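Here are the chains, one letter per residue:
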Amino acid sequence: MDTLMNLMQGVSVATQPINILYCLVGGVCGVLVGALPGLGPSAGLAIILPLTFGMEPVGGIIMLAGIYYGTMYGGAITAILIGVPGDSAAVATTFDGYPMNVRRHRAGAALGTSFFSSLIGGVIAVIIFTFLAPTIANFALSFGPPEYFALMILGFTTISGLTGKNPTKGYIAALIGLVFSLVGVDMVQGYPRFTFNMLNLLEGISFVPAALGLFGIAEIMSITKKDALGELKTIERKNIKWKKLLPNKEDWKHSYPVTLMGSIIGFLFGVLPGVGATIASFVSYSTAKKISKRGDEFGTGIPEGIASCESANNAASVGALIPMLTLGVPGSGATVIMMGALMMFGMNPGPLLFVERPDFVWGLVGSLYVGNLLIFLICMTTVSLFVRILKVSTPKLNAVVMAFIIVGAYCLSNNIFDIGLTLFFGIIGYFMKKLDYPRAPLVLALVLGSIFEQSLRQSMILSDGSFAIFFKRPLSATIIIISAILVLWPVLLKRFKKITQRLKLAS
Amino acid sequence: MQKAERIAKCIIIIFAVYTIVESLNMGLGSAGATGSGFVSFGVGSLLFLITVFDLLKSFRIKEKDEESHTIGKTFFNVIIFISCGIFVILATPYLGIIIPIFIIVTILAKLTGISSWKEVIILGIGSAAVIFVIFNVLLKINLPKGFLGI
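Note that the coordinates shown come from a computational prediction; the quantities given were computed from them, not determined experimentally.

A. Geometry of the overall build of chain A. The helix and strand tally for chain A stands at 23 helices and 2 strands. Since a compact globule built from 507 residues should have a radius of gyration of about 23 Å, the 22 Å found for chain A is in line with a globular shape. Its C-alpha atoms give chain A principal-axis dimensions of about 65 × 65 × 65 Å. Taking as baseline every contact in chain A between residues at least 6 positions apart, the subset at least 24 positions apart corresponds to 78%. Roughly 20,000 Å² of accessible area belongs to chain A as shown, and the carbon and sulfur atoms make up 66% of that amount. Considering chain A, the positive charge centre built from 36 side chains and the negative charge centre built from 23 side chains are found 13 Å apart.

Here's what the structure looks like:
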C-alpha cells in the first residue's frame, strides 16, 4: 500500500509541466542520439549532462533517464531502415528488422512493432522496479565470479540460435570473436595481449567499431551496382498511414509471448552490473527463436524477431537503474554518468536514498511510466518521416551512411584509430557475408568474451583450480543446468516427436 | 565458391595457429593461477580443430556446380569504400574531418552510380554541413579541425 501511495506521489511529480518538458527533451535527444551510428546512451548522457547543472535534481535526473531509454527507441530506427544499428543494443534488431523492411517491404510495421515492444518492455520493467527494486538489488549482490561465468555460458548457448544454416561457420565466427575480445591488457595479470605494440589496442577492441564495420560498412559494400541503381523504392502513401504502422492481428498473436518473455529477460539481465542491454537483447532473441513456433523464420523479417530484442533492451535500461539507485553500484557506462549526475545534485545513491529523498526516487519512477509513453507517441507519429528515408536512392544513402559511420566511429573516443578499426571490421564483415559466415556470433562473443574470461579466471583463483566451484554454488549450478537444457532442448524435442509419431503409427 | 571458402579457412587456421603460439609465449599458468594465455590457448586450439575438420570435410564433398558468388561483382565497392576510409584517416590531421567527409561523399556517390556532378556536389556539401551542425554545434563534440579552421 505504501508503495502505491509513493508511486502516486511520484507520478504527480513527474506530470508537473516542467518535468514533462524535461522528459520530452531528454527523450527526443535520446531518440536522435540513438539513431546516430556510433553514439550510444553514454555519449548522449555525457553530452547533455552540462545542461542539467542548474536544474532541480528531480528534473535533471528525469531528463537524463529520458535520454537513456530514448536511445533504445532510436537505435532501432536505423537498424530497421538502413541495416546499421544505432547503438550496440540494436544490433539484434537488424537481424529481422532490416529484412522485414527490405524483403517484406514492411518498414512501417517493423518500426511500429519495435516501438510497441519497447513500450511494453519498458512498462513491465518499471512495474517490477516499483514493487521489487530492493529485493532484486540484493539478489544481484549475490552474483560472484562463478555466477557471472555461468551467465556467460548461458549467453554463449544462444549462439546456436544465431548460426543460421551452417552451425560450424557460426561456431568459427564465435571463436574468432572470442579471440578479438581478448585483445588488450589482461585484467588479472596486467599483461598486454595481441596488441602488436600499439598503444591504441591496450584498452581492447570496443564493440562499437566492430558493430559499425560488420553490419554497417559490410552491408553497404555488398550492394551491387545493379541493385543500387534499381528502381527507387516507392512508398505508397497508404503504407505509411497510422493503421499500417500498427502490428496486425497476426503480428500480435506471434509477438506478444516473446515480448513478455523479452521484458523479463531484459530486466533481469539489466539488473546485473556489467551485463547490459546488448547481451539481454541477444539472449532474448535467441531464446525467442528456440521457443517460437516460427523459429525457422527468424532472420527473414518476422515481427517476433524485432519484438524479442526491443522489449529486452528497453527493459534492461530500466533494470540497470536498480543497482545504481539502491546500492550505489553503476551497472554500465551510462549509469556511471547518471550516478555522477546524482552526486552532482547532492544525492547519495544507495539504500538510504529511498528513505531520505523519496520524492526524488519516486519522481524518477513516475517519469519512467510517463516518459516511455511520451516517447512512444512521438516515435509513432514521426514514423512516416523516418520511412521517407527509403525514398532516397541507394548510392546517395550509402555515401551519406558511410560518412556518418566514419564520424560516429571517431566520436567513440575522439581517436582516428577507431576509424581504422571500423574499416578493418568492415572488410571482415564483407567477406563473412559473401562466404555465408554469420556475423552475429562474432559480435556476441566479442561482447561476452571479456566478462567470460575474467569471471573464469577469478573463479579458478577462488577455488584454487577446481571446476567444482561452478556446481557447488546453487545459483551458478542452476544457471548452468538451464544452459544445458536450452542446448539439449531442440534435440530432446526432436527425439520426443519421433517417439510419439512411432507410437501413433503403431497404434 | 569452394575455392574462396578453402582460402578463408586456411587464413583462419593460420590465425588460430598464431593465437596458440602467442598464448604459449604468454604462459598458461596453472589451474589455480591461470596465465594470460590460458583462455586464448583454449579458444585458439578449438578454432584450429574445428576449422581443420571443416576444411578436410570440404575436400570430401564434390562440388556439383560452381556456384556463382558476388565477390567479384562487389569487390570494386570494397576498394573504393576502404580507400575513402583510408583517405579520411590520412587527411584528417591536416584538413580536419569535414572536408574529407565532403570529398568522400562526393566520390562515393559518383562512383556508385550518380551521374550528375551537380547532384553529388550538393550531396557532399549537404552531408558535411549536416554532420557539422549535428556533431559540432548541437552535440558539442570536438571534431578535428584542419588548417582552414573547419
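So, next bit.
B. How the structure looks around the packing of helix α3 (residues 41–48) of chain A against helix α4 (residues 57–81) of chain A. All names here are of chain A. Running from N to C, α3 and α4 cross one another at 150°; their axes reach a closest spacing of 9 Å. Relative to α4, the element α3 is oriented roughly antiparallel. Remark: the crossing between α3 and α4 carries right-handed chirality. Across the interface between the two elements, P41, G44, L45 and I48 of α3 pack against M63, L64, I67, Y68, T71 and M72 of α4. Each residue belonging to the contact of α3 with α4 can be placed in one class, and the counts come to 8 nonpolar, 2 polar and no charged.

C. Expanded view of the packing of aromatic side chains. Residues and elements named next belong to chain A. Inspection of every chain in the model, using the stated rule, returns 21 aromatic pairs over all chains. Members of the aromatic cluster, each reached through a chain of ring pairs, are F95, F215, F282, Y285 and F298. If you follow K169 out to its NZ or CZ, it ends over the ring of Y437, 5.1 Å from the centre.

D. Representation of the environment of I150 of chain B. Residues and elements named next belong to chain B. For I150, the location among the structural elements is in the segment after α5 (117–138). The class for I150 is partly exposed, based on a relative accessible area of 41%. Along the backbone, I150 and I99 are 51 residues apart, and their C-alpha atoms lie at a distance of 7.8 Å. Beyond its immediate sequence surroundings of up to four residues, I150 is in contact with L95, G96, I99, P144 and K145.

E. The arrangement of empty space enclosed by the protein in detail. Residue and element names in this part refer to chain A. Tallied over the entire structure, the rule returns 1 cavity of 30 Å³ or more. As a volume, the largest cavity reaches approximately 50 Å³. Elements that contribute at least two residues to the lining of the largest cavity include exactly α6 (107–141) and α12 (249–271). For the lining of the largest cavity, the class distribution of residues is 5 nonpolar, 4 polar and 1 charged.

F. Main features of the pattern of salt bridges. This structure, assessed with the given rule, holds 13 salt bridges over all chains. Notably, a salt bridge pairs E219 of chain A with R439 of chain A, separated by 3.1 Å at the nearest N-O pair. One end of the pair, E219 of chain A, is in helix α9 (residues 207–221); the other, R439 of chain A, is in the loop between α20 (417–434) and α21 (440–462), and 220 residues separate them in sequence. Across the pair, R439 of chain A and E219 of chain A agree in class, each one buried. Note that R357 of chain A is salt-bridged to D359 of chain A, the shortest N-O span being 3.1 Å. For R357 of chain A, a relative accessible area of 29% translates into the label partly exposed. Residues participating in the shared-partner salt-bridge network are K169 of chain A together with E5, K9 and D54 of chain B.

G. View of a nonpolar patch on the surface. Residue and element names in this part refer to chain A. A cluster of nonpolar side chains, contributed by L4, I127, F131 and L132, occupies part of the molecular surface with about 340 Å² of accessible area. Top element by residues in the nonpolar patch is α6. It accounts for 3 residues. Note that L132 resides in helix α6. Judged by relative accessible area, L132 falls into the partly exposed class, the value being 39%.

H. Spatial organisation of a positive patch on the surface. Residue and element names in this part refer to chain A. A contiguous patch of positive charge, built from K494, R495, K498 and R502, is present on the exposed surface. Residue position: K494 is located in helix α23 (residues 474–506). Judged by its relative accessible area of 63%, K494 falls in the exposed class.

I. Representation of the packing of α9 of chain A against α20 of chain A in the model. Residues and elements named next belong to chain A. At a minimum axis separation of 7 Å, α9 and α20 run at an interaxial angle of 55°. Viewed along their axes, α9 and α20 adopt a mutual orientation that is oblique. The hand of the α9/α20 crossing is right-handed. The residues of α20 that touch α9, namely those facing P209, A210, L212, G213, L214, I217, A218, E219 and M221, are D418, L421, T422, L423, F425, G426, I427, I428, G429, Y430, M432 and K433.

J. Here's a closer look at the interface of chain B and chain A. Listed by partner, the interface residues are 63 residues for chain B and 58 residues for chain A. The contact between chain B and chain A buries some 5,400 Å² in all, and 79% of this surface belongs to carbon and sulfur atoms. Its largest share of buried area at the contact with chain A, chain B owes to S36, V39 and F81 of chain B, together 11% of the area lost on that side. The interface formed by chain B and chain A contains 2 salt bridges. Close ionic contact of K169 of chain A with E5 of chain B constitutes a salt bridge, the shortest N to O distance being 2.8 Å.

K. How the structure looks around α3 of chain A. Residues and elements named next belong to chain A. When α3 is considered as a whole, its buried residues turn out to be P41, G44, L45, I47 and I48. End-on view of α3: buried residues confined to an arc of 165°, all on one side of the axis. Of the surrounding secondary structure, the elements contacted by the buried residues of α3 are α2 (17–35), α4 and α16 (333–344).

L. Layout of the side chain of D54 of chain B. Within the secondary structure, D54 of chain B sits in helix α2 (residues 38–60). According to the relative accessible area criterion, D54 of chain B is buried, its value standing at 6%. For D54 of chain B, the side chain forms a polar contact with the side chain of K9 of chain B, separated by 3.2 Å. Each residue touching D54 of chain B, except ones within four places of it in the same chain, is listed here: T168 and I172 of chain A together with K9 of chain B.

Analysis parameters
Residues numbered from 1 in each chain as written. Chains lettered and ligands numbered in written order. Predicted model: local features only at pLDDT ≥ 70, side-chain atom pairs only at ≥ 80, totals over all residues. Heavy atoms only, no water. Helix = DSSP H or I, 4+ residues; strand = E, 2+ residues; numbered from the N terminus. Rg over C-alpha atoms; globule rule 2.2 N^0.38 Å. Contact = heavy atoms within 4.5 Å. Areas by Shrake-Rupley, 256 points an atom, 1.4 Å probe, with all protein chains shown as cover. Lys, Arg positive; Asp, Glu negative; His and termini not counted. Charge placed at Lys NZ, Arg CZ, Asp CG, Glu CD. Axes fitted to C-alpha atoms, helices over the stretch in contact; angles between N-to-C directions. Parallel < 35°, antiparallel > 145°, perpendicular 65-115°, else oblique. Left-handed = near helix turned anticlockwise from the far one by under 90°. Nonpolar A, V, L, I, M, F, W, Y, C, P; charged D, E, K, R; others polar. Phe/Tyr/Trp six-rings, centres within 6.5 Å; stacked < 30°, edge-to-face > 60°. Lys NZ or Arg CZ within 6 Å of the ring centre and 35° of its normal. Buried < 20%, exposed > 50% of the residue type's maximum accessible area, 1.4 Å probe, protein only. 1 Å grid on protein atoms, 1.4 Å probe; cavity = no way out; pocket = protein on both sides within 12 Å on 5 of 7 lines; lining within 4 Å. Points joined across faces, edges and corners; volume = space filled by probe spheres on them. Salt bridge = Lys/Arg side-chain N within 4 Å of Asp/Glu carboxyl O. Patch = residues over 30% accessible without salt bridge, like charges linked within 9 Å, V, L, I, M, F, W, Y side chains within 5 Å. Buried area = accessible area lost by both parts, 1.4 Å probe. Arc of directions from axis to C-beta. Polar contact = N/O pair within 3.5 Å; in protein donor to acceptor, adjacent residues only side chain to side chain.

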